[in-house]
Every structure is written in structure tokens, then in C-alpha cells.
Amino acid sequence: TTLTRNDMRKSLEVVNLIKQKRCGKIKGRTCANGSEQWKYLKEDKSVASPTVSFEAFYLTTMIDAYEGRASAVFDVPGAFFHP
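Criteria and cut-off values
- Residues numbered from 1 in each chain as written.
- Predicted model: local features only at pLDDT ≥ 70, side-chain atom pairs only at ≥ 80, totals over all residues.
- Heavy atoms only, no water.
- Helix = DSSP H or I, 4+ residues; strand = E, 2+ residues; numbered from the N terminus.
- Buried < 20%, exposed > 50% of the residue type's maximum accessible area, 1.4 Å probe, protein only.
- Contact = heavy atoms within 4.5 Å.
- Phe/Tyr/Trp six-rings, centres within 6.5 Å; stacked < 30°, edge-to-face > 60°.
- Pairing = 2+ DSSP bridges.
- Patch = residues over 30% accessible without salt bridge, like charges linked within 9 Å, V, L, I, M, F, W, Y side chains within 5 Å.
- Areas by Shrake-Rupley, 256 points an atom, 1.4 Å probe, with all protein chains shown as cover.
- Salt bridge = Lys/Arg side-chain N within 4 Å of Asp/Glu carboxyl O.
- Lys, Arg positive; Asp, Glu negative; His and termini not counted.
- Charge placed at Lys NZ, Arg CZ, Asp CG, Glu CD.
- pLDDT = per-residue confidence, 0-100.

**Quick look at the overall build of the protein**
- If you tally the helices and strands in the protein, you get 2 helices and 2 strands.
- When the helices and strands of the protein are read in sequence order from the N terminus, they spell out α-β-β-α.
- Split into buried and exposed, the 83 residues of the protein put 0% on the buried side.
- Contacts in the protein between residues far apart in sequence, at least 24 positions, make up 16% of those at least 6 positions apart.

Shown next, in the form of C-alpha cells:
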């Protein structure tokens, strides 16, 4: 698809952090600057990130396996920890 100038203006900036560990593994994470979303929301809207249902996750995983897609599992410790 082609993005319009307005779509590009509203897109979120992301930062990709990639690091090589001492053991040689390459690890990375991507973080989006979600604070930019507030500019485009009406007062009654939210940018909350609800947890995906088990059924949706399972179905997506089954489709990926059927289509032979590569997948990876990762965790960002403390990603949702806001003291």
C-alpha cells in the first residue's frame, strides 16, 4: 500500500536497539514513541494496549505454522512496569 502524506505525518517514530551479548547472541528490541498518539485522539478515546486473548494468539500461531512462517518469542522485562 501507499501511505499518504497525512499518514506519514501521523506515523509513530520507533527506535531499534540491537546488542551483541558476551555469549555472542544478538538481542534486540523495538520501542515506539507512543506519546505522539495523544495529538490525534479525541477526549473519549484511549491508547491503552489490551492483552490479546488466548484464542486470537493461538489462531494466529496456527496460521503462521500452516503458512510456514518463521516466528520468535521474546520478552522485554519490566516493559509494563510503571512504579
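Let us keep going from here.
**Observations concerning the packing of aromatic side chains**
- On inspection of all chains with the given rule, the structure shows 1 aromatic pair.
- Look at F54 and Y58: their rings are 5.6 Å apart centre to centre, the planes differ by 20 degrees, and that puts the pair in the stacked class. Separated by 4 residues within a single helix, F54 and Y58 lie in helix α2 (residues 54-66), roughly one turn from each other.

**Looking at the pairing of strand β1 (residues 14-20)**
- Little of β1 sits out of view: just 0 of its 7 residues are buried.
- Note that β1 and strand β2 (residues 26-32) share 7 bridges and pair antiparallel. Across the sheet, L17 pairs through a bridge with R29, a residue of β2.
- In sequence, β1 turns back onto β2 through a hairpin of 5 residues, with G24 there showing a positive phi of about 100 degrees.

**Looking at a positive patch on the surface**
- Together, K19, K21, R22, K25, K27 and R29 give the surface a local cluster of positive charge.
- Tracing the backbone through its elements, the reader meets K25 in the loop between β1 and β2.

**Concerning a nonpolar patch on the surface**
- There is a patch of nonpolar side chains on the surface, built from V52, F54, F57, Y58 and M62 and spanning about 580 Å² of accessible area.
- Considering the arrangement of structural elements, one finds V52 in the loop between β2 and α2.

**Side note on the pattern of salt bridges**
- Overall, the coordinates contain 1 salt bridge when judged by the stated rule.
- A salt bridge links R69 to E67; the shortest N-O distance between them is 2.7 Å.
- The partly exposed category is assigned to E67, whose relative accessible area is 44%.

**What to know about the confidence of the model for the protein**
- When pLDDT is averaged along the protein, the result is 80; 80% of the residues meet or exceed 70.
- Across the protein, element-level confidence peaks in α2 with a mean pLDDT of 91 and bottoms out in helix α1 (residues 5-10) with 82.

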